Each structure stands twice: as C-alpha cells, then as structure tokens.
Amino acid sequence: MFTGSAVLKIVVELVKAIGAVGITIIVMLGYYEGVPGLRDIPFISHVPVIREFIVGRVQSERSKAAEAAAEGVVSRSELTAARAEADRYRKQATENAIFAAEARQQAQDASTRLAQQLAQQEKESADDTDPDVSRWRQYDLDRLRGKAGTAARAH
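Criteria and cut-off values
Residues numbered from 1 in each chain as written. Predicted model: local features only at pLDDT ≥ 70, side-chain atom pairs only at ≥ 80, totals over all residues. Heavy atoms only, no water. Axes fitted to C-alpha atoms, helices over the stretch in contact; angles between N-to-C directions. Helix = DSSP H or I, 4+ residues; strand = E, 2+ residues; numbered from the N terminus. Parallel < 35°, antiparallel > 145°, perpendicular 65-115°, else oblique. Contact = heavy atoms within 4.5 Å. Nonpolar A, V, L, I, M, F, W, Y, C, P; charged D, E, K, R; others polar. Phe/Tyr/Trp six-rings, centres within 6.5 Å; stacked < 30°, edge-to-face > 60°. Lys NZ or Arg CZ within 6 Å of the ring centre and 35° of its normal. Expected span 1.5 Å × (residues − 1).

Let's shift gears to the packing of helix α1 (residues 4-18) against helix α2 (residues 20-33). Running from amino to carboxyl end, α1 crosses α2 at an angle of 110 degrees, the nearest separation of the two axes being 6 Å. In terms of orientation, α1 and α2 fall into the roughly perpendicular class. Of α2, the residues touching α1 (which contributes L14, V15 and I18) are A20, G22, I23 and I26. Looking at the contact of α1 with α2 residue by residue, the class counts come to 6 nonpolar, 1 polar and no charged.

Applying the stated criterion across every chain yields a total of 0 aromatic pairs. For R88, the ring lying beneath its charged end belongs to Y89, and the centroid distance is 5.0 Å.

Moving on to α1. When the terminal C-alpha atoms of α1 are compared, their 21 Å separation across 15 residues agrees well with the 21 Å that a helix rising 1.5 Å per residue should span. G19 sits one or two positions beyond α1 and adopts a positive phi of about 100 degrees.

Have a look at this one:
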C-alpha cells in the first residue's frame, strides 16, 4: 500500500500537472456528481466530509425530490380514499333515510288500519242489540270476582 508521504507526492504531482483550477473543478465535480468508487470502501460513509462525495449532491437532491413526490402521491391517494369512504357513508346515510321514511310510512299505515279496525269493531259492538246473544250477567261477574256464593243465592 501507499504510505502517507507517497500519497502526498502523488497529490503534489497531480496539482502541478492539472493546476489549482483543475483540482477545484475535479473536487466540485466529485461533490456534485459523486465519486462511484468511494461507496465500495467499508465504513467510508461515517466520515462526514467524504459522505457528500459518495453519492453526490445532484443524486441526493434527486432522491429527496423523489421522496417528496412519493409522499405527495401517498397523500393524494389517502385523500382520494378518504373521499371515497365519505361518499360511501353519504350514500349509506341517504339509503338509511329512505328506509326510515318508508318504515315511518308503514307504521303510520298500520296504525291507521288498526284504528279503523278498532272503530269498526266498536261500531259493530254498539250496533249489536240482539237479545239472544250471550251477555255477561251479574252472576258471571260475581263469579269472576270471587263472590260466587252470594250471587248464587241471589239468583
């Protein structure tokens, strides 16, 4: 491997050959576009300065934008699902209101029919004056009340 002085000699020769402006351009290019070979070095992502050179500023901003877009899509899909559920609940409420109105109408009709039948029965009872029809006698009422002995003697 290279020693520290060997690496320093290589860097100095590179600066002489390319120049300070060329090194600045290479460093900026590495910062914005990333250096592909760096990510293969184990634990290099833990070094704060080098971390920016691993992926590159352009790629990291692109991934942030993609995450934001995905979050927006998720939010919109959740909103769409919530709207669909609200529409379903509104439809159920409308159907339930219709069913309740029908049930109230049926109950009112049944109540009207019952009142008519009771009125008809009372009218028929009032119109029934046939003396041969079995009627409650005082004897029968006394027996029901537990006074059978007094009614039997009186009769």
